[in-house]
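Below, each chain spelled out in residue letters.
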Amino acid sequence: MASNRGDRSPIVGSLVPLTKKEIGTDAHSHVLRGRGRFLRLPQVTDTVGLSKTSIYEMIKREAFPSPVPIGKRAVGWIEEEIRDWAEEQIRLRTLQRRHSTKASDQTVRSLRKTA
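Just so you know, these numbers come straight off a predicted model, no measurement behind them. (Residues numbered from 1 in each chain as written. Predicted model: local features only at pLDDT ≥ 70, side-chain atom pairs only at ≥ 80, totals over all residues. Heavy atoms only, no water.)

Peer 1: What exactly am I supposed to notice about the packing of aromatic side chains here?
Peer 2: Geometry of an aromatic ring pair is reported as the spacing of the ring centres plus the angle between the planes. Applying the stated criterion across every chain, the model contains 2 aromatic pairs. Relative to Trp77, the ring of Tyr56 lies with its centre 6.1 Å away and its plane at 70°, an arrangement referred to as edge-to-face. With Tyr56 in helix α4 (residues 52–60) and Trp77 in strand β3 (residues 74–78), this pair connects stretches of sequence that are 21 residues apart. Classification of Trp77 as buried rests on a relative accessible area of 1%. Ring geometry for Phe64 against Trp85: centres 4.8 Å apart, planes inclined by 65°, an arrangement best described as edge-to-face. In this pair, Phe64 sits in the loop between α4 and β2 (68–71) while Trp85 sits in helix α5 (residues 79–114), placing the two residues 21 residues apart along the sequence. (Phe/Tyr/Trp six-rings, centres within 6.5 Å; stacked < 30°, edge-to-face > 60°. Helix = DSSP H or I, 4+ residues; strand = E, 2+ residues; numbered from the N terminus. Buried < 20%, exposed > 50% of the residue type's maximum accessible area, 1.4 Å probe, protein only.)

Peer 1: Can you walk me through the pattern of salt bridges in this structure?
Peer 2: Side chains that carry opposite charge are capable of pairing whenever their charged atoms lie near each other. On inspection of all chains with the given rule, the structure shows 3 salt bridges. The salt bridge involving Glu79 is made with Arg83; its shortest N-O contact spans 3.9 Å. Separated by 4 residues within a single helix, Glu79 and Arg83 lie in helix α5, roughly one turn from each other. Residue Glu79 is classed as partly exposed on the basis of its relative accessible area, which comes to 23%. Judged by its relative accessible area of 41%, Arg83 falls in the partly exposed class. Residues Glu88 and Arg91 are paired through a salt bridge, measuring 2.8 Å at the closest nitrogen-oxygen approach. Taken as a pair, Glu88 and Arg91 lie in helix α5 at a separation of 3 residues, close to a single helical turn. Since its relative accessible area comes to 44%, Arg91 is described here as partly exposed. A cluster of three or more residues bridged by salt bridges with shared partners is formed by Arg37, Glu79 and Arg83. (Salt bridge = Lys/Arg side-chain N within 4 Å of Asp/Glu carboxyl O.)

Peer 1: In this structure, what is going on with the environment of Glu81? I would like to understand it.
Peer 2: Structurally, Glu81 can be placed in helix α5. Under the relative-accessibility criterion, Glu81 is labelled partly exposed at 29%. For Glu81, the contacting residues outside a window of four places in its chain are Arg35, Pro65 and Ser66. (Contact = heavy atoms within 4.5 Å.)

Peer 1: Hey, could you run me through the pairing of β3 in this one?
Peer 2: Along any regular strand the residues' side chains alternate between the sheet's two faces. Counting buried positions along β3 gives 4 out of 5 residues, so the element sits mostly inside the fold. Looking at chain direction, strand β1 (residues 38–39) and β3 are connected through 2 bridges and run antiparallel. Opposite Leu39, over in β3, you have Trp77 as the bridge partner. With 3 bridges connecting them, β2 and β3 associate as antiparallel partners. Of the residues in β3, the one forming a bridge with Val68 is Gly76. In this antiparallel pair of consecutive strands, β2 and β3, the connection spans 2 residues. (Pairing = 2+ DSSP bridges.)

The following block contains the structure:
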């Protein structure tokens, strides 16, 4: 994206606010098209069942979606990213169960052979 604001990248940590021209007249529908809405921290903690501290620790480890600045002193999380994170946790649980079941089946077979 060409910009007259120098070589600053719009990556988290070095966010550069977009101008009205860049985002159009309806910023939220442009940015969030198909992604739901912004969720504030209380909504995120209620949705995922984690504490504020846990969420921010996981963000540091890049294990949870990062918030998006939505005002001078306000951040929000994109609803779709939170939903995707939750679905990924469910997929991981399913894979872990399958793996542990296969491992325990192999252990049982090994024990039967040695008995």
